[in-house]
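Report on the structure
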Amino acid sequence: MINVTELRPGNYFEEDGNIYKVLDILLNKTAMRKMVAKVKIKNLRTGAVTEIARNSGYGIETIRLDKKQMQYLYDDGENLVFMDQSTFDQIEISKTRLDWEKQFLKGDEIVEVVSYGSEILGVNMPAKVALKVTECDPATRGDTINKAMKEVTLETGFKTKVPMFIEEGEIVLVRTDTGEYDGRA
């Protein structure tokens, strides 16, 4: 058990039957009271992001999650199927649990599957993925006053904004945390 002020982004802990990931922590100390830790957390079972405040001295039980590299195989309609490359065991994860991540999975990618005990909590995506542009409007002249962007559809069906010079068929890098264009591949 550790003091709440010792938490760092990326730590995991269990409280009230839920598993949380620490996203950010802000320590606030005034002259008249104890230090207060404001912790931005993500519930790994529901995906909800909230903020909690705890006084210094509050004990938190950190936990260790199991992470395993697995290959994304296919979408069977209700679930996404992943395979352990060393044992060839396959697991299924509900599409509703991976609502954001499925927009960046096209097949054969290696991702990190996160579990706690026998419960699968989700997947950690790489920071950037390379996806092919399947649909885009042609660039229009004179539309370059500011950072001119146009909307494109990628091979997974995800839509994002890219610079005007990107053409259909090009492969672009997309950030998996925000879904924003990051450059050409």
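So, a few notes on the structure that sits alongside this text. Keep in mind it's a predicted model, so treat the numbers as computed, not measured. (Residues numbered from 1 in each chain as written. Predicted model: local features only at pLDDT ≥ 70, side-chain atom pairs only at ≥ 80, totals over all residues. Heavy atoms only, no water.)

**A few points about the environment of N28**
Position of N28 among the secondary structure elements: in strand 3 (residues 18–28). Residue class for N28 comes out partly exposed when judged on its relative accessible area of 38%. For the pair formed by N28 and I41, sequence separation is 13 residues and the distance between their alpha carbons is 17 Å. What N28 contacts, discounting residues up to four positions off in sequence, is K34, M35 and V36. (Helix = DSSP H or I, 4+ residues; strand = E, 2+ residues; numbered from the N terminus. Buried < 20%, exposed > 50% of the residue type's maximum accessible area, 1.4 Å probe, protein only. Contact = heavy atoms within 4.5 Å.)

**Thoughts on the pattern of salt bridges**
The tally for this structure, following the rule as stated, stands at nine salt bridges. For K68, the salt bridge goes to D84, with nearest N and O atoms at 3.4 Å. Separated by 16 residues along the polypeptide, K68 in strand 7 (residues 66–75) and D84 in strand 8 (residues 79–84) bring together distant segments of the chain. Notably, a salt bridge pairs D75 with K95, separated by 3.0 Å at the nearest N-O pair. Within this pair, whereas D75 is found in strand 7, its partner K95 is found in the loop between strand 9 (90–94) and strand 10 (110–116), the two being separated by 20 residues in sequence. For D75, a relative accessible area of 36% translates into the label partly exposed. (Salt bridge = Lys/Arg side-chain N within 4 Å of Asp/Glu carboxyl O.)

**Some details on the packing of aromatic side chains**
Inspection of the entire model under this criterion finds five aromatic pairs. Geometrically, the ring pair formed by Y72 and F82 is tilted, given 5.5 Å between the ring centres and 55° between the ring planes. One end of the pair, Y72, is in strand 7; the other, F82, is in strand 8, with 10 residues separating them in the sequence. The buried category is assigned to Y72, whose relative accessible area is 6%. Its relative accessible area of 0% is what places F82 among the buried residues. Judged by centre distance (5.3 Å) and plane angle (65°), the ring pair of W100 and F104 falls under edge-to-face. The class of W100 is partly exposed, set by a relative accessible area of 34%. With a relative accessible area of 0%, F104 lands in the buried category. Put simply, the rings of W100, F104 and F158 pair up and form one aromatic cluster. Across from the ring centre of Y58, 5.1 Å away, lies the NZ or CZ of R54, which sits over that ring. (Phe/Tyr/Trp six-rings, centres within 6.5 Å; stacked < 30°, edge-to-face > 60°. Lys NZ or Arg CZ within 6 Å of the ring centre and 35° of its normal.)

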